[in-house]
Amino acid sequence: MPTIAVVGAGPQLGLAIARTYGIHGYDVALIARNRAKLEDLAGELAAEGITAAVFPADVLDRTALTQALKDAAAHFGGVDVLEYSPVGGLQTVMTTPAATEPADMQHEMEFQLYGAIAATRAVLPAMREAGAGTLLFTTGAGSVDPVPQIANVNSAAAALRNWVINLHKELDGTGVQAAHVAINVSIGTPAVPGFPTAQPEEISPVYWDLHTTKRDQAELVFSL
């Protein structure tokens with residue numbers, strides 16, 4: 001069975017992506033900090049006939065994240081798709097551009113860009129050797145069209161976007177696809193009154209499309 005590793009797996013988009021791949025015959029490796037929550041997600045997937053296993057790790061602990069992905073590859077016989085979409089919650093104080101200090105950027109850079117790089121380095125060599133694989137990275141649409149109120153978060157997301165698009169160029173012709181997904185909606189419930197909202201199940205099919213029919217695309221912006 002092919003395998004997808006979902007880094008930052010949670011009960012909304014992460015679960016929906018896992019389910020989308022699972023119904024197409026993929027095994028699922030779930031990676032996030034909280035083992036109990038991961039086991040709940042794995043139980044939901046198992047009830048639907050999808051094989052899933054949990055590999056707890058914090059993306060800020062790059063050694064642990066690397067080991068979790070190596071353990072997932074050993075458990076399932078490889079990782080064919082990596083999806084990176086951890087959610088930072090309230091660990092970062094949002095700052096405007098003029099108010100941003102280097103320290104305001106550090107956590108988001110560690111969380112978004114450096115975690116993604118570590119995850120990629122854990123799985124890419126085997127993908128390149130096989131001549132096949134997919135690397136998908138998720139941010140908010142502020143990575144493309146930034147919002148002053150969350151400048152530090154958007155800047156780190158933009159750095160990740162730049163790196164992913166560059167990776168897509170580097171991997172051209174290797175059989176390995178890298179792509180960035182920018183989500184321009186609230187997921188599940190409105191974050192801001194009047195802002196467009198989509199359910200996770202409406203968003204997750206784009207990850208399958210990038211893996212299957214849109215492998216030439218370096219980026220997809222989801223909006224309503």
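Whatever comes next refers back to the structure up there.
A few points on the structure. (Residues numbered from 1 in each chain as written. Predicted model: local features only at pLDDT ≥ 70, side-chain atom pairs only at ≥ 80, totals over all residues. Heavy atoms only, no water.)

**Comments concerning the overall build of the protein**
What counts is decided by this rule: Here a helix means four or more residues in a row that DSSP labels H or I, a strand means two or more in a row labelled E, and each is numbered from the N terminus. Atoms counted for the radius of gyration: C-alpha only. Globule rule: 2.2 Å times the number of residues to the power 0.38. For the area figures, the Shrake-Rupley method with a 1.4 Å probe applies, and any residue is considered shielded solely by the protein chains shown.
Tallying secondary structure elements over the protein gives seven helices and nine strands in all. Its C-alpha radius of gyration of 16 Å places the protein within 12% of the 17 Å reference for a compact globule of 224 residues. Its C-alpha atoms give the protein principal-axis dimensions of roughly 50 × 35 × 35 Å. With an accessible surface of roughly 10300 Å², the protein has 54% of that area assigned to carbon and sulfur atoms.

**Concerning the sheet that holds strand 1 (residues 3–7)**
Put simply, the test is: For two strands to be treated as a pair, DSSP must find at least two bridges joining them. Only the stretch in contact is used when a helix axis is fitted, and all axes are lines through C-alpha atoms; the angle between N-to-C directions ranges over 0 to 180 degrees. Here, residues are in contact when the closest pair of their heavy atoms is within 4.5 Å.
Spatial ordering of the open sheet is given by 3-2-1-4-5-6-9, a layout of seven strands whose pairing is parallel. Looking along the sheet, the strands with just one partner apiece sit at the ends: strand 3 (52–54) and strand 9 (219–222). Strand after strand, the sheet turns through a mean of 15° between neighbouring axes, direction not considered. The sheet contact formed by strand 1 and strand 2 (residues 27–31) spans five bridges and is parallel. Its bridge partner lying in strand 2, Val6 is registered against Leu30. Relative to the sheet, helix 1 (residues 13–22) contacts strand 1, strand 2, strand 4 (81–84), strand 5 (133–140) and strand 6 (176–183), its axis offset from that of strand 1 by approximately 175°.

**With respect to the pattern of salt bridges**
Pairs may arise between side chains of opposite charge once their charged atoms sit close together. Quick note on the threshold: By convention in these notes, a salt bridge is any Lys or Arg side-chain nitrogen within 4 Å of a carboxyl oxygen on Asp or Glu. Accessibility here uses a 1.4 Å probe with only protein chains present; expressed as a share of the type maximum, an area under 20% marks a residue as buried, one over 50% as exposed, and anything in between as partly exposed.
For the structure shown, the criterion picks out six salt bridges. Salt-bridge contacts for Glu44 lead to Arg19; the nearest nitrogen and oxygen are separated by 3.9 Å. In this pair, Glu44 sits in helix 2 (residues 35–47) while Arg19 sits in helix 1, placing the two residues 25 residues apart along the sequence. The exposure class assigned to Glu44 is partly exposed, which follows from its relative accessible area of 38%. Notably, a salt bridge pairs Glu39 with Arg35, separated by 3.9 Å at the nearest N-O pair. Separated by four residues within a single helix, Glu39 and Arg35 lie in helix 2, roughly one turn from each other.

**Describing the packing of aromatic side chains**
The condition that has to hold: Pairing of aromatic side chains here covers Phe, Tyr and the six-membered ring of Trp, requires ring centres within 6.5 Å, and sorts the geometry by plane angle: under 30 degrees stacked, over 60 edge-to-face, intermediate tilted.
The tally for this structure, following the rule as stated, stands at six aromatic pairs. Taking 5.7 Å as the distance between ring centres and 90° as the angle between the ring planes, the aromatic pair formed by Tyr26 and Trp208 counts as edge-to-face. With a gap of 182 residues between them, Tyr26 in the loop between helix 1 and strand 2 and Trp208 in helix 7 (residues 205–212) connect regions that are remote in the sequence. When sorted by exposure, Tyr26 lands in the same class as Trp208, which is buried. Taking 6.5 Å as the distance between ring centres and 45° as the angle between the ring planes, the aromatic pair formed by Tyr84 and Phe137 counts as tilted. Highlighted residues: Tyr84 in strand 4 and Phe137 in strand 5, separated in sequence by 53 residues.

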